[in-house]
Amino acid sequence: MISITTKSPYTLQALAELGRLGGSGPVPIGELARRRNIPVQFLEQLFATLRRAGILRSQRGVKGGYSFAREPSDITVLEIVELLDGPIGRDSTGVFAEAATAARKVLESTTVANVIEREAREAGSSMYYI
């Protein structure tokens, strides 16, 4: 079936924030959690999974935090979702298999860099002046 838990959306939000803030080095996980209103312990678990998978790297110490181990443009949303929530559409048949295939295509063609860019565009377009 098609099952995406809160793990994937929270992780994408945090990765978008990391992409926004991470240009100057590692970003503390507490900062990412605070800015995106995500429980820090939950985010620690999610980022540990991404670190073990080689998507993120961590640095300990005063100037510690997380940074991308791979370019955000090389990380697909499908990879994140399947890493955290398991294969999309496994054991699906009929119309659900078709829906899973469509979902996989969208998630596979969207990268973390695309998510970062989309958020930046939406933030810019939501500003208005009187």
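A. Geometry of unusual backbone geometry. The phi torsion at N37 lies on the positive side, around 55°, for a residue other than glycine. Unusually for a residue other than glycine, D91 sits at a positive phi of about 65°. By the element assignment, D91 lies in the loop between helix 4 (77-85) and helix 5 (94-108).

B. Structural context of the environment of E82. Along the chain, E82 turns up in helix 4. For E82, a relative accessible area of 23% puts it in the partly exposed group. Leaving out residues up to four positions away in the same chain, E82 has contacts with P87, I88 and R104. Side-chain polar atoms of E82 contact the backbone nitrogen of I88, separated by 3.1 Å.

C. Main features of the nonpolar core. L15, L43, F47, L56, I80 and V112 are the most contacted members of the largest nonpolar core, which totals 30 residues. Those elements giving two or more residues to this core turn out to be helix 1 (7-21), helix 2 (29-36), helix 3 (40-52), strand 2 (65-68), helix 4, helix 5 and helix 6 (112-125). Look past the residues within four positions of F47 in its chain and what remains in contact with it is A14, L15, I29, L32, L56 and Y66.

D. Spatial organisation of the packing of aromatic side chains. Per the stated rule, a full pass over the model turns up two aromatic pairs. Between F47 and Y66 the ring centres are 5.1 Å apart and the planes differ by 75°, which places this aromatic pair in the edge-to-face class. Of the two residues, F47 sits in helix 3 while Y66 sits in strand 2, which places them 19 residues apart along the sequence. On the accessibility criterion, F47 (0% relative accessible area) is buried.

Reading the values: rules and limits
- Residues numbered from 1 in each chain as written.
- Predicted model: local features only at pLDDT ≥ 70, side-chain atom pairs only at ≥ 80, totals over all residues.
- Heavy atoms only, no water.
- Helix = DSSP H or I, 4+ residues; strand = E, 2+ residues; numbered from the N terminus.
- Buried < 20%, exposed > 50% of the residue type's maximum accessible area, 1.4 Å probe, protein only.
- Contact = heavy atoms within 4.5 Å.
- Polar contact = N/O pair within 3.5 Å; in protein donor to acceptor, adjacent residues only side chain to side chain.
- Core = buried A, V, L, I, M, F, W, Y, C linked by side-chain atoms within 4.5 Å.
- Phe/Tyr/Trp six-rings, centres within 6.5 Å; stacked < 30°, edge-to-face > 60°.

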